[in-house]
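Listed below are the residues making up each chain.
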Amino acid sequence: MNKFVAMVGTNAKVSTNRTLLQFMKQHFADQAEIELMEITDLPLFNKPENSPVPAPVLAMAKEIDAADGVIIATPEYDHAVPSSLMNALEWLSHRVHPFVDKPVMIVGASYGSLGSSRAQAHLRQILDSPELRARIMPSSEYLLGHSLEAFDDQGNLKDADKVAQLDGLFKDFQTFVTVSGHLNNAKDLNQKDTENFDWNKL
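Residues numbered from 1 in each chain as written. Predicted model: local features only at pLDDT ≥ 70, side-chain atom pairs only at ≥ 80, totals over all residues. Heavy atoms only, no water.

Draft legend 1. Looking closely at the packing of helix H1 (residues 16-27) against helix H5 (residues 160-180). Relative orientation of the contacting elements H1 and H5 amounts to 70°, with a least axis distance of 12 Å. With respect to H5, the element H1 is oriented roughly perpendicular. At the point where H1 passes H5, the crossing takes the right-handed sense. Contact residues: Leu 20, Phe 23, Met 24 and His 27 in H1; Val 163, Leu 166, Asp 167 and Phe 170 in H5. Among the residues forming the contact of H1 with H5, the class breakdown is six nonpolar, one polar and one charged. (Axes fitted to C-alpha atoms, helices over the stretch in contact; angles between N-to-C directions. Helix = DSSP H or I, 4+ residues; strand = E, 2+ residues; numbered from the N terminus. Parallel < 35°, antiparallel > 145°, perpendicular 65-115°, else oblique. Left-handed = near helix turned anticlockwise from the far one by under 90°. Contact = heavy atoms within 4.5 Å. Nonpolar A, V, L, I, M, F, W, Y, C, P; charged D, E, K, R; others polar.)

Below, the structure written as structure tokens:
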């Protein structure tokens, strides 16, 4: 059974993106082990060249490195991902690089009708950067719009079609993780390139 880290892409205390990941953890419990990861305790990133990487970042990197894949749920603020999610990813590309060739599935929930579509596109761009170099599942947007009305009192998705779509995408992600396991011939070199990447030396 695959083990996935599910990153809550916001530091908000109440978020339908967290509810979505909690639903996925319960709904897919017989298919994979999913553990939620919060990003609320991280300091503001300011590229501290000579200071140690904070303990919460090291713990997150260790969990991601040990996982078979990562699921990230992002809200959309001003057509982009939240600053708290960018902050977490900046830390996770500074002297630690757990996302290199790591399979990633992106989902998102928003109060409006678009379901975080622009934020998901933004997140793909960030994850594809040379400092992160994640392996993002293609053609897999899961856009949950009007998310305040999307769940019942038990935290279950009410729309059967949205559940069926999520079922299909999660099955695809499991396949994507399996295929990715056979695409690691350059893993060591990719890891080395990422660790040594420096914009100032280009």
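Draft legend 2. Spotlight on the pairing of strand E4 (residues 103-109). The element E4 is extensively covered by neighbouring structure, given that seven of its seven residues are classed as buried. Taking every second residue as pointing to the same face, both faces of E4 are buried, with Pro 103, Met 105, Val 107 and Ala 109 on one and Val 104, Ile 106 and Gly 108 on the other. In this structure, strand E3 (residues 69-73) lies alongside E4, joined through four bridges in parallel fashion. Bridging across to E4, Ala 73 finds its partner in Val 107. Between E3 and its parallel partner E4, the chain crosses via helix H3 (residues 83-91), and the hand of that crossover is right-handed. Pairing of E4 with strand E5 (residues 135-136), which is carried by two bridges, proceeds in the parallel orientation. Its bridge partner lying in E5, Pro 103 is registered against Arg 135. Taken together, the three bridges between E4 and strand E6 (residues 142-144) define a ladder with parallel strand orientation. Within the sheet, the bridge partner assigned to Gly 108 lies in E6 and is Leu 143. (Buried < 20%, exposed > 50% of the residue type's maximum accessible area, 1.4 Å probe, protein only. Pairing = 2+ DSSP bridges. Right-handed = clockwise from strand over helix to strand, strands pointing away.)

Read these as layout, nothing more, since geometry by itself doesn't imply function.
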